[in-house]
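Examination of the molecular architecture
Read off the chains here:
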Amino acid sequence: MRPPKSSLPLYLCLIGLACIAAGQHGQRPLQAGATAPNVLFILTDDQDLRMDSLSYMPLLKHHIVDQGLSFNRHYCTVALCCPSRVSMWTGKAARGYPKFVSEGFNNNYLPLWLQEAGYGTYYVGKLFNAQSVTNYDSPHAAGWTGSEFLLDPYTYRYFNATLQRNFDKPVSYEGQYVTDVISEKAHGFLDDALQAREETGQPFFLTVAPTAPHSDVNIKRNNIDGDFDENTNVQSPPVPADRHKDLFPDVVVPRTPNFNPDEPAGASWISRLPKQNQTNVDFNDHFYRNRLRSLQAVDEMVDHLVKRLEEADILDNTYIVYSTDNGYTIGQHRRQPGKQCAFEQDINVPLIVRGPGVPKGISTDVVTSHTDLAPTFMALTGARPPIDFILDGQAIPLDGVRVEDQRQEHVNVEMYQTHV
Ligand SMILES: *[C@@H]1O[C@H](CO)[C@@H](O)[C@H](O)[C@H]1NC(C)=O
Ligand SMILES: *[C@@H]1O[C@H](CO)[C@@H](O)[C@H](O)[C@H]1NC(C)=O
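Report on the accompanying structure. (Residues numbered from 1 in each chain as written. Chains lettered and ligands numbered in written order. Predicted model: local features only at pLDDT ≥ 70, side-chain atom pairs only at ≥ 80, totals over all residues. Heavy atoms only, no water.)

As for the overall build of the protein
Assigned secondary structure in the protein consists of eight helices and 14 strands. The buried share among the 420 residues of the protein stands at 58%. When contacts within the protein are restricted to residue pairs at least 6 apart in sequence, long-range pairs at least 24 apart make up 75% of them. (Helix = DSSP H or I, 4+ residues; strand = E, 2+ residues; numbered from the N terminus. Buried < 20%, exposed > 50% of the residue type's maximum accessible area, 1.4 Å probe, protein only. Contact = heavy atoms within 4.5 Å.)

In structure tokens:
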């Protein structure tokens, strides 16, 4: 049953309070129980909002965009995968994985709070960079009822992933298409979660994090944290599944006014970039097409997961959240394919939510950021951090309404640069 809109005043939830207010037609439980909503969080990698990638995902449109609320002004607070992900899972400003571990967040972050609130927590795909074949168990990422993580240095190999399940040793999936492998494992965990739900009433929080449409990266060391340059890795366009490799033959990067402009744009090193020649532009258009092609397997995965939720008759009691860690640029301001800057292409990212009480098929201009995701998940689930844990974000208003004085109109954006 879809509760009436009035029962979802999520924007009232302040930092750390994670309240679920009582609606007019019954009370939402603070602690998990048979009626507590489930959450499916789909997190892609380097997906742009500003180059139109969502327009090439018809199944995502059908199941999520048309059924939910799209945020036009959602931002990552740092346009680099791992620090961005840490801010997502802690509700705090960005930091890398080594800091995440050394500062004790592996014992104190969202999945642990979700478990305390009675949730089964599951994760498939890329959690953080610098989680590698050599350090995956020192420590194991805490807080997951079931997990299967992609590990460096194979995180970005589309046809040679290495995954590590629960407390098992890493397994190589050489020759298999990584998004399909992740999709299959997501189904496995969803089955486990559905069974637990049926037997004990336990709700679930399942995150599925494929690497598409990130570039394919051949990393020459075990991990790349803080050491990401042409000597340590070779980047190529993302690799689509064979069944998608010939799609969109005529599509090119949108030729917006800032695309490879005649006059240099921006400040500092950006203003010194040369105009790209035709060979370069052609290659970058190919790079762009392969991003869209690699997203097709993600689109299919969304379709399969939503259909499974529908079959299990819990789609109406499940929030589905779709986002990415950071944005992407190709050719804007003469830049080569990449991210890390504070241009809109890099930091303005997709966020779409569908679920009980969330308006359908509309978009909102309320300003939100990745640091708000953990508080939002807490508001949905009743999870909460220890009393002394200071969150930097606040729950996102899932009715899409901007309320004067209750939301900031700016976000804190930082930059991580390893070389100039
Ligand atoms: C694939 O990954 C395995 C490790 O999981 C590695 O031993 C092997 O060399 C890789 N193959 C290719 C073609 O890179
Ligand atoms: C085009 O630009 C690239 C550098 O981005 C350069 O390596 C290449 O030689 C140029 N090609 C032509 C035909 O000028």
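A look at helix α5 (residues 178-200)
Helical periodicity: at 3.6 residues per turn, an α-helix aligns residues three or four positions apart in one direction. For α5, built from 23 residues, the straight-helix expectation of 33 Å at 1.5 Å per residue is met to within 8% by its first-to-last C-alpha distance of 33 Å. Looking at the residues trailing α5, positive phi occurs at Gly201, about 80 degrees. (Expected span 1.5 Å × (residues − 1).)

Notes on the environment of Arg335
One can find Arg335 in the loop between β11 (318-324) and α7 (344-347). Sequence-wise, Arg335 and Ala265 are 70 residues apart; in three dimensions their C-alpha atoms are separated by 9.9 Å. Here Arg335 is in contact with Trp269, Ile270, Leu273, Gln276, Thr329, Ile330, Cys341, Phe343 and Asp346, once residues within four sequence places are set aside.

Quick notes on the site of ligand 2
Near ligand 2, the surroundings consist of Asn277, Thr279 and Asn280. One of the side-chain N or O atoms of Asn277 is found 2.4 Å from an oxygen atom in ligand 2. Between Asn280 and ligand 2, the recorded distance is 3.4 Å, taken from a side-chain N or O atom to an oxygen atom. Relative to its free-state accessible area of 370 Å², ligand 2 is covered by the protein chains to the extent of 26%. (Near = heavy atom within 4 Å. Polar contact = N/O pair within 3.5 Å; in protein donor to acceptor, adjacent residues only side chain to side chain. Areas by Shrake-Rupley, 256 points an atom, 1.4 Å probe, with all protein chains shown as cover.)

A closer look at the sheet that holds strand β7 (residues 171-174)
With respect to topology, ten strands assemble into an open sheet ordered β7-β6-β5-β4-β8-β1-β11-β12-β2-β13, the strand pairing being mixed. Looking along the sheet, the strands with just one partner apiece sit at the ends: β7 and β13 (362-364). When strand polarity is set aside, the average angle formed by the axes of neighbouring strands in this sheet is 20 degrees. In the sheet, strand β6 (residues 160-165) pairs with β7 via four bridges, with the strands oriented antiparallel. The residue of β7 that forms the bridge with Asn160 is Glu174. Relative to the sheet, helix α6 (residues 278-311) contacts β1 (38-44), β8 (204-209) and β11, its axis offset from that of β11 by approximately 170 degrees. (Pairing = 2+ DSSP bridges. Axes fitted to C-alpha atoms, helices over the stretch in contact; angles between N-to-C directions.)

Some thoughts on the site of ligand 1
Tyr154, Asn160, Thr162, Ser172 and Glu174 make up every residue found near ligand 1. Note that a nitrogen atom of ligand 1 is positioned 3.3 Å from one of the side-chain N or O atoms of Glu174. Elements represented by at least two residues in the shell around ligand 1 include exactly β6 and β7. Taken together, the residues that form the shell around ligand 1 break down as one nonpolar, three polar and one charged. (Nonpolar A, V, L, I, M, F, W, Y, C, P; charged D, E, K, R; others polar.)

Observations regarding unusual backbone geometry
Ser138 connects to Pro139 through a cis peptide bond whose omega is 0 degrees. Put simply, Ala212 and Pro213 share a cis peptide bond, and its omega is -5 degrees. When you line up the elements, Pro213 lands in the loop between β8 and β9 (216-219). Residues other than glycine seldom take positive phi values, yet Asp313 does so here, at roughly 65 degrees. Inspection of the secondary structure assignment puts Asp313 in the loop between α6 and β11. Given a relative accessible area of 69%, Asp313 falls into the exposed group. Even without being glycine, Gln340 reaches a positive phi, approximately 85 degrees. Judged by relative accessible area, which is 17%, Gln340 ranks as buried.

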